[in-house]
Amino acid sequence: MPPSPIEMPVVPVNTREIAAAGRETDAPLQAIIDRLEQKLKTSEARLYALIEKGTDIIVIANGEGKITYSSPSIEHYFGVGSEENFGKNAFEYIHPEDMPLLAEQFLEVLTSPGRPIAVQTRARTTDGRLVWLEGTVTNWLGTEGIDGIVCNFRDVTQRVNMEKQILQASIDAQEKEREEIGRELHDNVNRILTTARLYLGCIHSETPGQRHIIDRSSEIITSAIEEIRKLSKTMTQSFHKEVGLMLSLEDLVENIRRLADNTTITLDFSLPVEQILDDKLKMTIFRIVQEQLNNVLKHAGASRIDLSIRQEEDSLQLVIADDGKGFDPREKRKGIGLSNIITRAEVFNGQVSIDSSPGKGCRMTVKFVVAFPEKGRQPGR
């Protein structure tokens, strides 16, 4: 069994202080030394209990990421004992999608000795379960008694799942409110404006100046009615499970084509097993497409937008690319369009990536991990 690299530092004994204490208390020197040793043993036992009996996962790895020590609690979460972990690469536990970010953080740890780096990541257990871990990673390489990278994690899976449930409930409430506002605008506000326009049409004036004002007022109300009609349609337009995601998106794209005559929009939809997807995931995809198309039309000045939804081996990939003016993703931007997209994607563990630069358009990719059935098998069998 490999030795534990956690060693208690040697406490130097000041003989002058001990001798002085002995003279003041008239106690034998050996009795004082015994008491100091007992305190040291108690401290060691307390530290051992905290590490060996605690629920937090403590792992020490070398500069290559190989495990040199793991607390017994790791067996509870991952089903692998401390002895089996010795020499294993810690990154083998990490979810593949989280590896790029974690690799960057690991490099930061290596170049920042003694500074704790906050980390949140997903890990796979030996039985395939997904566990959310949160904690700190600190570089103590070269430090006597440790000489390793100390990882202190705790399981936050329950908290993360609860946050996602709350977020989904919030999105559901927004969807309901969105539809209610859209209907209110269409049924009531538009009716009021239409009535006002009719009243204006009943006014007869022989004065040219007044006639011009009346006509202009009628034109403004007509314009307001049209804008509200468009806004109402946008707010109430949604994914309809009765017709499916593809037809819902085709309808959305067709409506946008009518509003943006100078913009070409293409749709490439290849999702043979759409029926196995959760309806809320389909709604999320629809809203992300709607939000990004709105962003492009408002800000990008694009002449072409290419929309693609395709099934990969173990994922669903959504890509929206435009030839607009682009932007620097590193700069802080006003508005909540992109943040809304990221928030919606996170509910289903989706990953959003933006590839853009000034003058070179924008390509947004959203990837969702989906357990598609094997080729040749029918869904549900």
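Structure's up top.
From a predicted model like this one, the values you see are computed outputs, not experimental measurements.

> Mind laying out the environment of E92, listing which residues take part and the relevant values?
Relative to the helices and strands, E92 resides in the loop between helix 4 (82-85) and helix 5 (99-110). Distance in space between the C-alpha atoms of E92 and G65 is 9.7 Å, their sequence separation being 27 residues.

> Outline the pairing of strand 1 (residues 57-61), supporting the account with residue identities and numerical values.
The buried fraction of strand 1 is high, at five of five residues. Judged by which residues are buried, strand 1 turns out to be covered on both faces: I57, V59 and A61 on one side and I58 and I60 on the other are all buried. Direction of pairing for strand 1 relative to strand 5 (residues 148-155): antiparallel, over a ladder of five bridges. Looking at strand 5, one finds that V59 is bridged to C151.

> With reference to specific residues and values, describe the nonpolar core.
Residues I285, V289, L318 and F368 are the most contacted members of the largest nonpolar core, which totals 30 residues. Elements with a minimum of two residues in this core: helix 8 (245-259), strand 6 (264-270), helix 9 (279-300), strand 7 (304-311), strand 8 (315-322), helix 10 (337-347) and strand 10 (362-369). Take this core: its biggest share by element is eight residues, from helix 9. Setting aside chain neighbours within four positions, we find L318 in contact with I285, I288, V289, L307, S308, I309, M364, T365 and V366.

> Just give me the short version of the sheet that holds strand 5, but keep the residues and values in it.
In any sheet, the strands associate via hydrogen bonds between backbone groups, in a parallel or an antiparallel arrangement. An order of 2-1-5-4-3 is seen for the five strands of this open sheet, with the pairing classed as antiparallel. Where the open sheet ends on each side, the last strands, each with one partner, are strand 2 (67-70) and strand 3 (117-124). The average angle at which neighbouring strand axes cross in this sheet is 30°, direction not considered. Bridge analysis of strand 1 against strand 2 gives three bridges, and the strand direction is antiparallel. Looking at the pairing, I60 lines up with Y69 of strand 2.

> Hey, could you go over the packing of aromatic side chains for me, with residue numbers and the actual values?
What the rule picks out here adds up to one aromatic pair. Aromatic pair F91 and F106: ring centres 5.2 Å apart, planes at 85°, arrangement edge-to-face. Of this pair, F91 sits in the loop between helix 4 and helix 5 while F106 sits in helix 5, and the two are 15 residues apart along the sequence. Look at F106 and you get buried, because its relative accessible area is 16%.

> Give me the sheet that holds strand 9 (residues 351-356): which residues, what numbers.
Within the open sheet, the five strands sit side by side as 6-7-8-10-9. Their pairing is mixed. Unpaired on one side and paired on the other, strand 6 and strand 9 mark the two borders of the sheet. Between one strand and the next, the sheet's axes are offset by a mean angle of 10°, whatever the strand orientation. Relative to strand 10, strand 8 runs antiparallel, the two being bridged by eight bridges. Paired with Q317 across the bridge in strand 10 is K367. Relative to the sheet, helix 8 contacts strand 6 and strand 7, its axis offset from that of strand 6 by approximately 175°. Here helix 9 sits on the sheet and contacts strand 7, strand 8 and strand 10; the angle it forms with strand 8, its principal contact strand, is near 15°.

Rules used in this analysis
Residues numbered from 1 in each chain as written. Predicted model: local features only at pLDDT ≥ 70, side-chain atom pairs only at ≥ 80, totals over all residues. Heavy atoms only, no water. Helix = DSSP H or I, 4+ residues; strand = E, 2+ residues; numbered from the N terminus. Buried < 20%, exposed > 50% of the residue type's maximum accessible area, 1.4 Å probe, protein only. Pairing = 2+ DSSP bridges. Core = buried A, V, L, I, M, F, W, Y, C linked by side-chain atoms within 4.5 Å. Contact = heavy atoms within 4.5 Å. Axes fitted to C-alpha atoms, helices over the stretch in contact; angles between N-to-C directions. Phe/Tyr/Trp six-rings, centres within 6.5 Å; stacked < 30°, edge-to-face > 60°.

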